[in-house]
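A structural walkthrough
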Amino acid sequence: MVARIIPVDPFDLVIFGASGDLARRKILPGLFRRLIAGQMPPNARIIGSARSKWDDDAFRKEVSNAIKEFSPKEYKNTEKLNEFLKTLHYLPVDVLGDTGWKELAALIKKDANPVRAFYLSVGPSLFDDIAERLTKSGIATKDSRIVVEKPFGHDLETAHQLNEQLRRNFKEHQIYRIDHYLGKETVQNLMALRFANALLEPVWNAQHVDHVQISVSETIGIEGRGGYYDNSGAMRDMVQNHLMQLLCLTAMEPPARFEANDVRDEKLKVIRSLDPVEPDDIVRGQYRANGKAGSYKDDAENPDSRTESFIAMKVHISNWRWTGVPFYLRTGKKLRARMSEIAVIFKDPPHSIFPNAEIRHGGNSLVIRLQPDEGITMHMIIKEPGQGGLRLTEVPLDMSFADALKGAPLDIADAYERLLMDVIRGDQTLFMRGDEVEAAWAWVDPIIEAWQHAGDTPEPYDAGGSGPDGSLALMHREDRRWRPIEV
Ligand code: BG6
């Protein structure tokens, strides 16, 4: 099935931090793929800006190299590559000084395209200055969009400050706070699955659901980001944003319409319904050396670090739909496999008419796999085929998107590509609203403060394993078990 591509309006996109890692890995190769797909119009302009003293040609060369490295297949499309490179311009701008702003204003006002967006691929400490200079110099208009990345704050107070700073110069409907998990194909499919099928809604509640497991397991460690990560940990780096968003989309009520504020209102209600978490319901872990794999402390270059690289927790949502249903969240680095999924485990039938058939609890579950191999699997209990009595067995009704939609190239856009096109279209549905981010921090802050107060030390786990024993115990004590971390 070939995705139907609707081209976006011609746009001017200014990327601050255009020489940085995110721009090279994700933003620029992503835009190139959208051009190949026919979604980005060739008369769009991408204006890179950073401190490097490059000109257009030098920038084009850098971008061409980045595409070669991060999008090697598409790189071979020379005709399209040349078309894309022509859309690129570069201006060195000093975001804290006056240099470059006049030139940027002149460039952007000349042959201006209908949509104007600014991507701040820079540290949050620069948001305020850039936003201010963009409006003061008349570069940003009242319809322009500003895109910012995580980390959006370190706690509620800093997130609130960032919101205030951005809102001094931009209105909420112009601000696009990226959480790239919302751009993942299956995350949106979760909404389609829930709200475009009548089948699931009647069982999507405490009456029928035993518990929910949300796992984001990574094999990578902290990859040279020790300075940032050691100050954040899994709670700030993953739970406050990515896992929280997955939890919201799984648990939220049906919005009135699939529109930005309707969806975000419902997500906010979920966050506000979260109970504080009991200390016994959280397990923090930190990977230790195992074989060739080094320890977290080595990677972070901090022998005394108490930062968690793993977290597992049991969360309760106190509302009409979910009271009594535990949501288990788990994420960690240097685990056995890269695997992200949401698993909804349904209750057992109220009475078994097959007394001799051994069947474990939770035979019915719906698993929504985010990565790798995106897809949805419904686990059902059936009769084991063959003679000799009636035995039961569990079978997966599997719908891997790649298999189910086989036959023609499936153009699944990467999360960044999708989100970038949404910015240009002016669709904020998959972006976090300021109040949502603050509500998430308001829930997370007391948890972190309690650890700090107690001088909590994370439980060690082997690099390449499934996380600390405490995480297994969190489930076992309630006669449940995690789905295995495997691909
Ligand atoms: C980022 C985190 O937001 O998400 C990283 O800062 C993490 O620590 C990454 O590795 C995971 O994203 P993905 O898309 O690879 O699951």
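Note that the structure is predicted; figures quoted are calculated from it, not measured. (Residues numbered from 1 in each chain as written. Predicted model: local features only at pLDDT ≥ 70, side-chain atom pairs only at ≥ 80, totals over all residues. Heavy atoms only, no water.)

**Topic: the overall build of the protein**
- Along the backbone of the protein there are 16 helices and 15 strands.
- For the protein, the C-alpha radius of gyration of 24 Å lies close to 23 Å, the compact-globule estimate for 487 residues.
- Once the C-alpha set of the protein is aligned to its principal axes, its extents read approximately 80 × 55 × 50 Å.
- Taken over 487 residues, the protein has a buried fraction of 52%.
- Sequence separation of 24 or more characterises 76% of the internal contacts of the protein that already satisfy a separation of 6 or more.
- In the structure as shown, the protein presents an accessible area of about 22300 Å², 52% of it carried by carbon and sulfur atoms.
- Side-chain charges of the protein comprise 63 positive and 72 negative groups, with the mean position of each set lying 4 Å from the other. (Helix = DSSP H or I, 4+ residues; strand = E, 2+ residues; numbered from the N terminus. Rg over C-alpha atoms; globule rule 2.2 N^0.38 Å. Buried < 20%, exposed > 50% of the residue type's maximum accessible area, 1.4 Å probe, protein only. Contact = heavy atoms within 4.5 Å. Areas by Shrake-Rupley, 256 points an atom, 1.4 Å probe, with all protein chains shown as cover. Lys, Arg positive; Asp, Glu negative; His and termini not counted. Charge placed at Lys NZ, Arg CZ, Asp CG, Glu CD.)

**Things to note about the packing of aromatic side chains**
- Tallying each qualifying case throughout the model produces 12 aromatic pairs.
- Through successive ring pairs, a cluster of aromatic residues spans Tyr229, Tyr287, Tyr296, Phe310 and Tyr461.
- The positively charged end of Lys184 is found above the aromatic ring belonging to Tyr181, 4.6 Å away from the centroid. (Phe/Tyr/Trp six-rings, centres within 6.5 Å; stacked < 30°, edge-to-face > 60°. Lys NZ or Arg CZ within 6 Å of the ring centre and 35° of its normal.)

**Here's the deal with the pattern of salt bridges**
- Within the structure shown, the criterion is met by 40 salt bridges.
- Here Asp21 ties to Arg25 by a salt bridge, and the two come within 3.0 Å at their closest N and O atoms. Here Asp21 pairs with Arg25, and both are found in helix H1 (residues 21-36), just four residues apart, close to one helical turn.
- Asp21 gets classed as partly exposed once you look at its relative accessible area, which sits at 48%.
- Taking the relative accessible area as the measure of exposure, Arg25 reaches 41% and is therefore partly exposed.
- Among the salt bridges present, the one from Lys333 reaches Glu218, with a minimum N-O distance of 2.7 Å. Of this pair, Lys333 sits in the loop between strand S10 (327-332) and strand S11 (339-346) while Glu218 sits in the loop between strand S7 (209-217) and helix H9 (226-229), placing them 115 residues apart in sequence. (Salt bridge = Lys/Arg side-chain N within 4 Å of Asp/Glu carboxyl O.)

**Some remarks on the nonpolar core**
- Residues Phe16, Phe84 and Trp443 are the most contacted members of the largest nonpolar core, which totals 140 residues.
- In terms of residues, this core owes the most to one element, helix H10 (residues 233-251), which gives 11 residues.
- Residues within four places of Phe84 in sequence aside, it is in contact with Leu28, Leu31, Phe32, Leu35, Met40, Ile46, Val63 and Ile67. (Core = buried A, V, L, I, M, F, W, Y, C linked by side-chain atoms within 4.5 Å.)

**Re the site of the ligand**
- Residues in contact with the ligand amount to 13 residues; listed here are only the nearest, Tyr181, Lys184, Glu218, Asp237 and His242.
- Taking Tyr181, its side chain carries an N or O atom lying 2.4 Å from an oxygen atom of the ligand.
- Within the contact set of the ligand, an oxygen atom lies 2.7 Å away from a side-chain nitrogen or oxygen of His242.
- In isolation the ligand offers 400 Å² of accessible surface; the protein chains occlude 83% of this area. (Near = heavy atom within 4 Å. Polar contact = N/O pair within 3.5 Å; in protein donor to acceptor, adjacent residues only side chain to side chain.)

**Examining the sheet that holds strand S13 (residues 375-383)**
- An order of S14-S13-S12-S11-S7-S10-S9-S8-S15 is seen for the nine strands of this open sheet, with the pairing classed as mixed. The sheet is open, and its two borders are formed by strand S14 (392-400) and strand S15 (459-462), each paired with just one other strand. Sheet twist, expressed as the average angle between the axes of neighbouring strands with direction ignored, equals 20°.
- Here six bridges tie S7 to S10, and the two strands are oriented parallel to one another. When the sheet's bridge partners are listed, Ser215 is paired in S10 with Arg330.
- Packed onto the sheet, helix H15 (residues 434-454) meets strand S8 (282-288) and strand S9 (310-315) and runs at close to 120° relative to S9. (Pairing = 2+ DSSP bridges. Axes fitted to C-alpha atoms, helices over the stretch in contact; angles between N-to-C directions.)

**Quick notes on helix H16 (residues 469-476)**
- Those residues of H16 not exposed but buried are Gly470, Ser471, Leu474 and Met475. Axial view of H16: buried residues confined to an arc of 145°, hence all on one face. Facing away from the buried side of H16 by more than 90 degrees, the exposed set consists of Asp469 and His476.
- Elements in contact with the buried residues of H16: S7, S8, S9, S10 and S15. (Arc of directions from axis to C-beta.)

**Examining a nonpolar patch on the surface**
- The grouping of Ile353, Phe354 and Leu390 at the surface amounts to a nonpolar patch, some 290 Å² of accessible area in total.
- With respect to the secondary-structure elements, Phe354 resides in the loop between S11 and strand S12 (365-371).
- Among the residues examined, Phe354 registers a relative accessible area of 32% and is labelled partly exposed. (Patch = residues over 30% accessible without salt bridge, like charges linked within 9 Å, V, L, I, M, F, W, Y side chains within 5 Å.)

**Some thoughts on the packing of H10 against helix H11 (residues 260-272)**
- Two numbers describe how H10 lies on H11: the axes approach to 9 Å, and their chain directions differ by 105°. When the axis of H10 is compared with that of H11, the two are roughly perpendicular. Residue-level contacts link Met244, Gln245, Cys248, Leu249 and Ala251 of H10 to Lys267, Val270 and Ile271 of H11.
- In terms of residue class, the contact of H10 with H11 is made up of six nonpolar, one polar and one charged. (Parallel < 35°, antiparallel > 145°, perpendicular 65-115°, else oblique. Nonpolar A, V, L, I, M, F, W, Y, C, P; charged D, E, K, R; others polar.)

**Concerning the packing of helix H6 (residues 127-136) against helix H7 (residues 156-169)**
- Contact geometry for H6 and H7: axes closest at 8 Å, N-to-C directions at 5°. Relative to H7, the element H6 is oriented roughly parallel. Residue-level contacts link Phe127, Asp128, Ala131, Glu132 and Thr135 of H6 to Leu162, Gln165, Leu166, Arg168 and Asn169 of H7.
- When grouped by side-chain class, the residues that make up the contact of H6 with H7 number four nonpolar, three polar and three charged.

**Examining the sheet that holds strand S1 (residues 11-16)**
- Strand order in the open sheet formed by six strands is S3-S2-S1-S4-S5-S6, with parallel pairing between adjacent strands. Bordering the open sheet on either side are strand S3 (88-92) and strand S6 (175-177), each of which pairs with just one other strand. Here the average twist between neighbouring strands, direction ignored, is 20°.
- Judged from the five bridges that link them, strand S2 (residues 45-50) and S3 form a sheet pairing that is parallel. Bridging across to S3, Gly48 finds its partner in Tyr90.
- Together, S2 and S3 form the strand contacts of helix H2 (residues 56-70), whose direction differs from that of S3 by roughly 115°.

In short, geometric facts, not functional conclusions.
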